[in-house]
Amino acid sequence: QVQLVESGGGLVQAGGSLRLSCAASGRTYAMGWFRQAPGKEREFVATISRSGGSTIYADSVKGRFTISRDNAKNTMYLEMNSLKPEDTAVYYCAAGGVAVISANAYTNWGQGTQVTVSS
């Protein structure tokens, strides 16, 4: 069972940037980021294939967020720029077999890291 640990969350002003990391305890295939705001359902943010050659983004973050990975370090990243208050949420990383947007496809989940964007 691969363990996932997120880091890099915090408080930032609107328009600012943050970089999230997700460290895996072993080899992973597809990985993704999801987020959950208070009172809302968990939603897809971005996903990346093992090779990094395939990525998918939610429309709400396209052009502002960039997902990447370093397989030598078993780590995935989410570079978040031009942050908006509506990006405030707990961000979760996940690992699965295929880079898709459905949370059901991911079998391993981290504990989450809080991102708060102030206006």
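Check the entry above for the structure.
Residues numbered from 1 in each chain as written. Predicted model: local features only at pLDDT ≥ 70, side-chain atom pairs only at ≥ 80, totals over all residues. Heavy atoms only, no water.

Engineer: Looking at this structure, how should I read the sheet that holds strand 8 (residues 75-80)?
Structural biologist: Whenever strands of a sheet pair, they do so through backbone hydrogen bonds, lying parallel or antiparallel. In space, the four strands of this open sheet follow the order 1-3-8-7, with antiparallel pairing throughout. Whereas interior strands pair on both sides, the edge strands pair on one side only; in this sheet they are strand 1 (4-7) and strand 7 (65-70). Pairwise comparison of adjacent strand axes, ignoring direction, gives a mean angle of 15° for this sheet. In this structure, strand 1 lies alongside strand 3 (residues 18-24), joined through four bridges in antiparallel fashion. Counted as the bridge partner of E6 is C22 from strand 3. (Pairing = 2+ DSSP bridges. Helix = DSSP H or I, 4+ residues; strand = E, 2+ residues; numbered from the N terminus. Axes fitted to C-alpha atoms, helices over the stretch in contact; angles between N-to-C directions.)

Engineer: Is there a simple way to explain the pattern of salt bridges in this structure?
Structural biologist: A side chain with one charge can pair with a side chain of the opposite charge if their charged atoms come near. Following the criterion strictly, the structure yields five salt bridges and no others. Residue D87 pairs with R35 through a salt bridge whose shortest N-O separation is 2.9 Å. Taken together, the residues D87 in the loop between strand 8 and strand 9 (89-96) and R35 in strand 4 (residues 30-36) connect sequence positions 52 residues apart. Accessibility assignment for this pair places D87 and R35 in one class, buried. (Salt bridge = Lys/Arg side-chain N within 4 Å of Asp/Glu carboxyl O. Buried < 20%, exposed > 50% of the residue type's maximum accessible area, 1.4 Å probe, protein only.)

Engineer: Just to check I follow, could you spell out the side chain of D87 for this structure?
Structural biologist: Residue D87 is classed as buried on the basis of its relative accessible area of 1%. Polar contacts involving the side chain of D87 include one to the side chain of R64, which spans 2.7 Å. In contact with D87, other than residues within four places in its own chain, are R35, R64, F65, S82, V115 and V117. (Polar contact = N/O pair within 3.5 Å; in protein donor to acceptor, adjacent residues only side chain to side chain. Contact = heavy atoms within 4.5 Å.)

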